[in-house]
Structure formats: C-alpha cells, structure tokens
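Remarks on the overall topology
Listed below, chain by chain, are the residues.
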Amino acid sequence: FDAWLTASGGMVENPVIRLGEQYIRLQTTLADGETARIDTRPRRKNLWIDGVRAFTFHRESEFFLLEPGENRISVSADSGVEFLSARLRYTPLYYGI
C-alpha cells in the first residue's frame, strides 16, 4: 500500500502509521502543508517528503504489507496529531486465481 500523511493547520512531529505491533515512524517534523508519502510495496519501499526522497524514518520501522482480510491501521504522532490527515491506497498483488 501507499500512504500519504499530510500536516494541515500546524506542525506534526514524528508521525507514525501502525498495524498492530508493526509501524513506520518518521523521524521528522512535517510543517503545515507538507506531505510524506510512504510506499510499502516490495522492491519499491521508500519515503518521500514533498516529492523529495528522504531517509528520515526510525531504524526499527517495518515497511509492512497488508494481510488478507481486515486490517486496522492507525496514525499518530508525538505532537500535532490534530493536524495530521492520512490517505491510503491499496493495490492487490494477487487475486487468488
């Protein structure tokens, strides 16, 4: 999946996207209007902030994949979570044919 985390209305410090115990934590502050894009697809795992490739994620972060069935993803931040919005895009890699 791809995730876009956007700061809107204020700064967001160290945003996190989480699925259970797995997480991707950015080690940066998103200024008002900035967007971080996280790509978790195999062989494409990457992070961009406003279109510029960045390596500002916590070293224990896992670029996790979604499991078949329901996945409960949450977003949070050390501060400024009220200014954080998230958008996800999921592309099935296998349709079970």
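Quick caveat: nothing in here was measured; it's all calculated off a predicted structure. Think of each chain on its own: its residues are numbered from 1, step by step along the sequence as written. In keeping with the model being predicted, local features are shown solely for residues with a pLDDT of at least 70 and side-chain atom pairs are shown and tallied solely at 80 or more, while totals for entire chains, interfaces and linings include all residues. Side-chain figures throughout are based on the complete set of non-hydrogen atoms in the structure, without hydrogens or water.

A few points about the nonpolar core
Nonpolar cores are built from buried Ala, Val, Leu, Ile, Met, Phe, Trp, Tyr and Cys residues. Side-chain atoms within 4.5 Å join them into one set. Burial classification: accessible surface area is computed with a 1.4 Å probe over protein chains only, and a residue below 20% of its type maximum counts as buried, one above 50% as exposed, and the rest as partly exposed. Formed by 19 residues in total, the largest nonpolar core has its most connected members in Ile24 and Ile38. To qualify as a helix, a DSSP run of H or I must reach at least 4 residues; to qualify as a strand, a run of E must reach at least 2; elements of each kind are numbered from the N terminus. Counting residues per element, the ones that place at least two in this core are strand E1 (2-7), strand E3 (16-19), strand E6 (35-39) and strand E7 (46-49). Among the elements that line this core, the one with the most residues is E1, at three residues. Apart from the residues lying within four places of it in its own chain, the contact partners of Ile24 are Pro15, Val16, Ile17, Ile38, Thr40, Ser61, Glu62, Phe63 and Phe64. Note on contacts: a residue pair qualifies if any of its non-hydrogen atoms lie within 4.5 Å across the two residues.

Looking at the packing of aromatic side chains
Aromatic rings from Phe, Tyr and Trp, taking only the six-membered ring of Trp, are treated as a pair when their centres fall within 6.5 Å; an angle between ring planes under 30 degrees marks them as stacked, one over 60 as edge-to-face, and anything in between as tilted. Taken as a whole, this structure holds two aromatic pairs when the rule is applied. Ring centres of Phe57 and Phe63 lie 5.1 Å apart, and the angle between their planes is 80°; on these two criteria the pair is classed as edge-to-face. The criterion is that NZ of a Lys, or CZ of an Arg, lies within 6 Å of the ring centre and within 35 degrees of the ring normal, and then a charge sits over that ring. One Lys or Arg, Arg87, reaches over the ring of Trp4 and ends 4.0 Å from the middle of that ring.

Some details on the side chain of Arg25
Within the secondary structure, Arg25 is located in strand E4 (residues 22-25). Not counting chain neighbours up to four residues away, the residues in contact with Arg25 comprise Asn14, Pro15, Val16, Arg18, Thr56, Phe57, His58, Ser61 and Asp78.

Some thoughts on unusual backbone geometry
At Asn14, a position not held by glycine, the phi torsion is positive, near 50°. Relative to the assigned elements, Asn14 resides in the loop between strand E2 (12-13) and E3. Here the phi dihedral of Asp50 falls at roughly 50°; this positive angle occurs in a residue that is not glycine. Take Asp50: it is sitting in the loop between E7 and strand E8 (52-53). Residue classification places Asp50 among the partly exposed residues on the basis of a relative accessible area of 43%.

Regarding the pattern of salt bridges
Salt bridges are counted wherever a side-chain nitrogen of Lys or Arg sits within 4 Å of a carboxyl oxygen of Asp or Glu. Throughout the structure, instances matching the rule amount to six salt bridges. With a closest N to O distance of 3.2 Å, Asp2 and Arg37 form a salt bridge. Here Asp2, found in strand E1, pairs with Arg37, found in strand E6; they are 35 residues apart in sequence, far enough to count as distant. Look at Arg37 and you get partly exposed, because its relative accessible area is 22%. Note that Asp39 and Arg37 form a salt bridge whose closest N and O atoms lie 3.7 Å from each other. Look at Asp39 and you get buried, because its relative accessible area is 2%. Here the salt bridges do not stand alone but share partners, grouping Asp2, Arg37, Asp39, Arg41 and Arg89 into one network.

These values are about where atoms sit, not about what they do.
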